[in-house]
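Structure at a glance
Chain by chain, the residues:
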Amino acid sequence: MSQDAMKKAAAEAALAFVEPGMIIGIGTGSTANHFIDLLAGIKGKIDATVASSIASAERLKSHGIRVLDLNEAGQLSLYVDGADESTEHLHLVKGGGGALTREKIVAGASDKFVCIADDSKLVRTLGKFPLPIEVIPMARALVAREMVKMGGNPVLRQGFTTDNGNVILDIHNLTIMNPVEMEDRINRIPGVVTNGLFAIRPADVLILGGVGGVQTLI
Ligand SMILES: O=C(CO)[C@H](O)[C@H](O)COP(=O)(O)O
């Protein structure tokens, strides 16, 4: 079974959380794309969606699925998105696709966050995947220096601008023993929009696709 097939299996399992008339928050990335494509098959069941990126909004619209601005939609019942890493406590690293800020906003506006991934994303300690930080461009060097003081090795994501017009620093070599404290500490650096740790507001459900089938962690 390929990694992509495992992602698709997790996305399929997440359909069980979709209830009639819902407005659903939609993440970004290849696993979220599987969910979007599957959601198209039951689009008559839902009211609308809110997208966490321009790319996801375009994919949803290409399937004829209604996409609302978050400010019109109000509180959402459900958010479905992928992750780059997760612990068994459902603390996540996200932002491999650079959509971390909008993802965190939509997750924060949702009652339930269902994270979908292949089981290679489950780790004991976060940090092997470089931690993305969205940064206001003029603060790039300041934030990089602060991250070096925290033991990280910051690398600018070359040629990439976020949907919000900012840059991404990917922080290598971090061993994240306390994700809640680290998320808060990084977010206090001037110029940081947000970082890719989802620990203050972790996922509520983690669905992992693997060779033996799908497992759900709550
Ligand atoms: O956080 C994300 C995008 O910003 C994605 O959820 C994360 O990168 C996982 O991507 P994929 O589903 O392609 O493995």
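First, a word on scope: everything that follows refers to the structure included in this document. (Residues numbered from 1 in each chain as written. Predicted model: local features only at pLDDT ≥ 70, side-chain atom pairs only at ≥ 80, totals over all residues. Heavy atoms only, no water.)

1. Section: the overall build of the protein
Broken down by element type, the protein carries seven helices and 13 strands. In summary, the protein has a C-alpha radius of gyration of 17 Å against a globular reference of 17 Å for 218 residues, a match within 12%. Projected onto its principal axes, the C-alpha positions of the protein cover 50 × 40 × 30 Å. A separation of at least 24 residues holds for 73% of the contacts in the protein among residues at least 6 apart in sequence. Carbon and sulfur atoms form 51% of the exposed surface of the protein, whose accessible area is close to 9,700 Å². (Helix = DSSP H or I, 4+ residues; strand = E, 2+ residues; numbered from the N terminus. Rg over C-alpha atoms; globule rule 2.2 N^0.38 Å. Contact = heavy atoms within 4.5 Å. Areas by Shrake-Rupley, 256 points an atom, 1.4 Å probe, with all protein chains shown as cover.)

2. Thoughts on the sheet that holds strand 9 (residues 167-172)
Pairing in this open sheet of four strands is antiparallel, and the strands run 8-9-7-10 from one edge to the other. The strands lining the two open edges of the sheet, one partner per strand, are strand 8 (153-156) and strand 10 (192-195). The mean inter-strand angle of the sheet, taken between neighbouring strand axes irrespective of direction, is 30°. Contacting strand 7 (131-135), strand 9 and strand 10, helix 5 (residues 100-108) runs over the sheet at an angle of about 70° to strand 10. Each of strand 7 and strand 10 touches helix 7 (residues 179-187); the most contacted strand, strand 10, lies at about 165° to it. (Pairing = 2+ DSSP bridges. Axes fitted to C-alpha atoms, helices over the stretch in contact; angles between N-to-C directions.)

3. Some thoughts on the packing of aromatic side chains
We describe a pair of aromatic rings using the distance from one ring centre to the other and the angle between the two ring planes. This structure, assessed with the given rule, holds two aromatic pairs. Ring centres of Phe-113 and Phe-198 lie 6.3 Å apart, and the angle between their planes is 65°; on these two criteria the pair is classed as edge-to-face. Placement of Phe-113 in strand 6 (residues 110-118) and of Phe-198 in strand 11 (residues 197-198) is noted, with a sequence separation of 85 residues between them. Take Phe-113: its relative accessible area is 0%, and that puts it in the buried class. A residue is classified by how much of its surface remains accessible, and Phe-198, at 1% relative accessible area, is buried. A cation over an aromatic ring shows up here: Lys-94 above the ring of Phe-198, its NZ or CZ 5.6 Å from the ring centre. We note Lys-104 situated over the ring of Phe-198; from NZ or CZ to the ring centre the distance is 5.2 Å. (Phe/Tyr/Trp six-rings, centres within 6.5 Å; stacked < 30°, edge-to-face > 60°. Buried < 20%, exposed > 50% of the residue type's maximum accessible area, 1.4 Å probe, protein only. Lys NZ or Arg CZ within 6 Å of the ring centre and 35° of its normal.)

4. Re helix 3 (residues 54-62)
Among the residues making up helix 3, those that are buried are Ser-56, Ala-57 and Leu-60. Along the long axis of helix 3, the arc covered by the buried residues comes to 100°, so they all point the same way. For helix 3, the exposed residues lying more than 90 degrees away from the buried face are Ala-55, Glu-58 and Ser-62. Here the buried face of helix 3 lies against strand 1 (23-26), helix 2 (30-39) and strand 2 (48-51). (Arc of directions from axis to C-beta.)

5. Topic: the pattern of salt bridges
All chains considered together, the criterion is met by nine salt bridges. A salt bridge links Arg-66 to Asp-47, with the shortest nitrogen-to-oxygen separation between them at 2.5 Å. With a gap of 19 residues between them, Arg-66 in the loop between helix 3 and helix 4 (70-73) and Asp-47 in the loop between helix 2 and strand 2 connect regions that are remote in the sequence. Taking the relative accessible area as the measure of exposure, Arg-66 reaches 45% and is therefore partly exposed. Asp-184 serves as the salt-bridge partner of Arg-188, at 2.8 Å between the closest nitrogen and oxygen. (Salt bridge = Lys/Arg side-chain N within 4 Å of Asp/Glu carboxyl O.)

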